[in-house]
Each structure stands twice: as structure tokens, then as C-alpha cells.
Amino acid sequence: MTLAWRYLLRGLHTETFSLRTPRTHAFLNSGAFWTPAFKRSLHTKPDMPPCDFSPQKYQSLSYTRVLEIHKQHLSPVATMYFQKPLLLHQGHMEWLFDSEGNRYLDFFSGIVTISVGHCHPKVKAVAQKQLGCLWHTSSVFLHPPMHEYAEKLSALLPEPLKVIFLVNSGSEANDLAMLMARAYTNSSDIISFRGAYHGCSPYTLGLTNVGLYKTELHSGMSCQSTMCPDVFRGPWGGSHCRDSPVQTIRKCSCVPGPNGQGGRERVEDFCQAKELYIEQFRDTLNTSVPKSIAGFFAEPIQGVNGVIQYPKGFLKEAFELVREKGGVCIADEVQTGFGRLGSHFWGFQSHAVLPDIVTMAKGIGNGFPMAAVVTTPEIAKSLAKRLYHFNTFGGNPLACAIGSAVLEVIKEENLQENSQEVGTYMLLKLAELRDEFDILGDVRGKGLMIGLEMVQDKMSRQPLPQDEVSQIHEDCKDMGLLLGRSGIFSQSFRIVPPMCVTKPEVDFAVEVFRCALTQHMERRAKKKI
Ligand code: PMP
């Protein structure tokens, strides 16, 4: 069913939500409004938009058996969400169903991976056809799915980014990009932002600067971190320098001048926060790396760190400084690629930069494990001269057939445009919530990559304690909305739904989040009494 039809159906069937009167922060904190009738209205679960799909009955392992097996045989690293982890059974577009038949609106997409929708009918049909034809052969042979895919993907990238290496995961793509940067430049040092996540392999662990992933064990040699230019949490705020429909509530660091802020005619032309953060970047280049470096990795928007956007113009200047040191610039599009940001197909395009290497994974296969590194013929040749790079599954026929179908669906169903329209709609609605609730410190992002940062209060910007964020997270899940967590203090939520999500579904999600925040305020008020 086309997106237009899905919209129409849902729009017609969706009940309008009773919008409650706007509440100010002072009013919320006063506790004066907790009349029994008001409490009842607050706890009314928002009505879920309808879904034209019925899941099969769950007939597999019991919940307790699953937990036993997990405990006995699977990784003991505590990665699971929720006090009672969800046992998922089936997926359909933006919906997930658990073993008890409960339906959830999936706003996390299996960690930003379901791009076009769970079990999308076209992608499923293409996969089934390819399964019946040829599942696997490796790249020591020619097979058309790989060549068709290479042609389609390369057409989406600007010159000279035309050579594709097909691999299986984001970490593997970034491993290879690191190796390429080093082989091409004959240097070792690579810089990445604090808060960046580029993978969990021993090589990429050096680039990943999220405390939780750091280890005392030997890994990630010759990687240096630099300050993340975060205009909400960082030392310098900016209130008009994010490429987003929503700006921070922080006071801008720009100095007011005769012609307005910054002394320039157009405030967007000058951003003092950008200048100050660039100074930090220069400082890293001057103090922490040798004369020549291999490269610089950047996510166009940081995902795992809580959808952090840099001031406009920062990446452009940083790329120039890196190139002066002989390094190459690598855009990690694992989360930002494939139209999710709405305005552009690739995140780097929204910064008006041209990277030397682009890495991609997750949304590329709508959940099928595949990834890619795209670079220039010159860099690709330098790698080929230095080593024989090969992997068994990269360019696998099934993966490539799925990858091609994903690209077709993004185009046919205008999913990039949908990300722009529905994402902007959602950002503006969430910005209203931010103005209502003091604990919602920041709303940011672009298209369907949105971050919500929870704070104790807007004045201090101290992170809301983890247990409180977890309870809000749990409450959303209980009302049928699955959000992602992120941030160094696990203080942020990530909203990254499949790109087919609709406005009525966004209305539901915003209403659920409002309800969860209100419940939180109620708990807080009770504690104070
Ligand atoms: N880069 C980014 C920006 C990511 O978000 C991730 C995964 N969260 C990776 C790389 C690593 O991808 P994978 O988990 O597929 O190895």
C-alpha cells in the first residue's frame, strides 16, 4: 500500500486526542492541580492509531524459558531495555508485536535500522525471490545482484565517491575505512569526537568515545578524541546555529554587535559558538597528533550520544583543517544516511562537505546485515596496492538484492520527503512539550532523527537521574510506544522510527510522551509532599 493510502486510512480512523490545557512549569511544580478528576484524565492512555495487520498467534518458547536460555547461553552484557524485557514476535511496517499480542509503535527501529518498515512487502518479496534463486556465493565470482546494487548505490553519491566495498556491519565498514585512511596517507593518527560511536570492534573502539565502551584492554591504537561541539551541553551555547527546526533554549554565546547579534547583518553568517569549538579542534591538531594524520571520523549527527548536532559550518571548517594536516575526512552515515534526515539523502550533504570516505550500514538493508564503504578511485587503489582485502559475505547476492529493493522503496514511496515532513511536524510538536516541561531540556534533530534530552531542570541542565529516565521510558512502553535511549548519562531518548511513519502516529507518540512526563511530575510532587 502506498504511503498516501496508509496516511489516508490512518488519518480517517484516528481519533483526535483531547489536548489538555497548557500547563506552565510553575503550575506543574506547585502540585495545586492534582485534583482527583485531573489525575484521572492524566492517566488516560492515549488511543493507539489503528493498524491494518493482525499478527500470528505466538507459539514459540515460553517467556520464562527464553529468559533461562538467555541467562545460560547468551552474552551476559546487560543490554536489554525494561524491567521486564520485551519478547518480540512479529513486525509490520512501523509496528511491533510481542509474544502476548500487544502492539507497539516502533520509534527506535531496532537501533535506527528499519528504514522502510518491518517486513516491508516489496523487500520481503525480493528477498524471497532471491532465496529461491541463489543465496550465497562470494565475490570471487560475478553475480548480477552485486553489480546492480553497486550501480544503484554509486548513483546516489557525488563524484568522485564511486568505488564501493561491500561488508557486513557498521563496525566492519569503519574498520575498513580506518585501514584505507592509513594506507592512503601513510600515517596512523585518526581523530574522532568525544561522544562519538563508530563501532565496537577492537580497531573502532579507539574511535568510539562513549565512556561505557572504553576498556582497559589494549585496543584502538593511535586514535585521539576532540571536543564535541554540543551547543546544548557543551561550554558554549548557541541558539540559532543548529540545522534543525528547533534550537536550544540556551543563551547564545554570540556577542551582540551594532547590526544585531555578532555584529553582522545576518546572524546565521556568524556563530561564535562555532568559532570557539573550532578553536578546540585546532588545539587538538596542535597538541595531540603528529605533523601528519591519517584522518578524521565524524557522524553528521551523533546518534548514540543523543542526536547531537554541531553548529552550522563546523564540519566544513574542521574538514579543511584535517586536510591541511594531510588527513582524509570520513563521514559515518551508519545512522544518518538513506534519507532519514529528510533534507538530504546523506547527512554530509546537509553540512555542505564532500568526504573522502563514506561508511554506511543499518538502514542500508532494512535490518538485513549488510554495510558499505564508498570512496574515491584513488583511495581505493591505494588500499588495493597495500593489501588483499576480502570477506566472505560482503556483496552476498541476498544482501545486495535486499539493498536494491530498499533503495527502490525509498524512492517509490518518497520516504526521504516523508522523513522531512513528518519529522519536522514531530520536532515542532515536541518543542511545545519542551516549553511545557522543565525536565525536557532539549529537543533537537532533523527529519526522523530526533533527540530528547532529559534534565533535572532547564537552569542547571544536570542530567535527569537514570532511574527516573528509565521509569519514563517504561511508562511509554506500557502505553505502546518504544523509544531508544542514548547519551553519556543515558539521559536522552532517541526517536528514529521507520521512515514510513505517519502524522497520526506522531500525534499518538507525542501524547504518550506527554502522559509519561505528567506521570513523572506526579511522582515528583508526591515525593516532595
Ligand atoms: N557507526 C555508527 C554511527 C553507529 O551508530 C553504529 C552502531 N550503533 C556503528 C557505527 C556500528 O555499527 P554495527 O553495530 O553494525 O557494527
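For the structure itself, look to the data block above.
Residues numbered from 1 in each chain as written. Predicted model: local features only at pLDDT ≥ 70, side-chain atom pairs only at ≥ 80, totals over all residues. Heavy atoms only, no water.

A few words on the environment of asparagine 391. Note that asparagine 391 resides in the loop between α11 (377-386) and α12 (397-412). By relative accessible area, which is 13% here, asparagine 391 ends up buried. Along the backbone, asparagine 391 and serine 138 are 253 residues apart, and their C-alpha atoms lie at a distance of 8.3 Å. When sequence neighbours within four positions are dropped, the list of residues in contact with asparagine 391 reads Leu166, Val167, Asn168 and Glu172. Here the side chain of asparagine 391 touches phenylalanine 393 through a polar contact of 3.4 Å, landing on its backbone nitrogen. (Helix = DSSP H or I, 4+ residues; strand = E, 2+ residues; numbered from the N terminus. Buried < 20%, exposed > 50% of the residue type's maximum accessible area, 1.4 Å probe, protein only. Contact = heavy atoms within 4.5 Å. Polar contact = N/O pair within 3.5 Å; in protein donor to acceptor, adjacent residues only side chain to side chain.)

Glancing now at the sheet that holds strand β16 (residues 484-486). Within the open sheet, the four strands sit side by side as β13-β14-β17-β16. Their pairing is antiparallel. A single partner strand is all that each edge strand has here, and the edge strands are β13 (440-446) and β16. Here the strands of the sheet are splayed against their neighbours by 25° on average, with no regard to which way each runs. Bridging between strand β14 (residues 449-454) and strand β17 (residues 492-495) involves four bridges; their strand directions are antiparallel. (Pairing = 2+ DSSP bridges. Axes fitted to C-alpha atoms, helices over the stretch in contact; angles between N-to-C directions.)

The next subject is the environment of tyrosine 310. Within the fold, tyrosine 310 resides in the loop between β9 (295-298) and α10 (314-324). Judged by relative accessible area, which is 2%, tyrosine 310 ranks as buried. Counting along the chain gives 36 residues from tyrosine 310 to lysine 274, while the straight-line C-alpha distance between them is 8.1 Å. Setting aside residues up to four positions removed in sequence, tyrosine 310 forms contacts with Phe193, Cys228, Pro229, Cys241, Glu299, Pro300, Ile301, Gln302, Leu315 and His351. A polar contact of 2.6 Å, which involves the side chain of tyrosine 310, links it to the backbone oxygen of glutamate 299.

This part is about the pattern of salt bridges. Enumeration according to the criterion identifies 22 salt bridges in this entry. A salt bridge links glutamate 408 to lysine 122, with the nearest nitrogen and oxygen atoms 2.8 Å apart. Of this pair, glutamate 408 sits in helix α12 while lysine 122 sits in helix α6 (residues 121-131), placing them 286 residues apart in sequence. For glutamate 408, a relative accessible area of 26% puts it in the partly exposed group. Classification of lysine 122 by relative accessible area gives partly exposed; the value is 25%. For the salt bridge of lysine 122 with glutamate 412, the shortest nitrogen-to-oxygen distance reads 2.9 Å. Residue lysine 122 is located in helix α6, and its partner glutamate 412 is located in helix α12; the two are separated by 290 residues in the primary sequence. Three or more residues are tied together by salt bridges with common partners; here these are Arg233, Arg242, Asp442, Arg444 and Glu453. (Salt bridge = Lys/Arg side-chain N within 4 Å of Asp/Glu carboxyl O.)

Another point: the site of the ligand. Surrounding the ligand, one finds Ser169, Gly170, Ser171, Asn174, Tyr197, His198, Gly199, Glu299, Asp332, Val334, Gln335 and Lys362. In the environment of the ligand, a nitrogen atom lies 2.7 Å from a nitrogen or oxygen atom belonging to the side chain of aspartate 332. In this structure, glutamine 335 approaches the ligand through a side-chain N or O atom, which is 2.7 Å from an oxygen atom. Considered on its own, the ligand offers 390 Å² of accessible surface; in the complex 84% of this is hidden by protein. With three residues, the top contributor of residues to the shell around the ligand is helix α8 (residues 170-185). Class assignment for the residues of the shell around the ligand results in two nonpolar, seven polar and three charged. (Near = heavy atom within 4 Å. Areas by Shrake-Rupley, 256 points an atom, 1.4 Å probe, with all protein chains shown as cover. Nonpolar A, V, L, I, M, F, W, Y, C, P; charged D, E, K, R; others polar.)

With that settled, consider the nonpolar core. Leu153 and Phe513 are the most contacted members of the largest nonpolar core, which totals 100 residues. With 10 residues, the top contributor of residues to this core is helix α15 (residues 503-528). Setting aside chain neighbours within four positions, we find leucine 153 in contact with Ile164, Phe338, Trp346, Met360, Ala372, Val374 and Leu407. Among the nonpolar cores identified, the runner-up in size contains 24 residues, and Val167, Ala181, Ile190 and Val373 belong to it. (Core = buried A, V, L, I, M, F, W, Y, C linked by side-chain atoms within 4.5 Å.)

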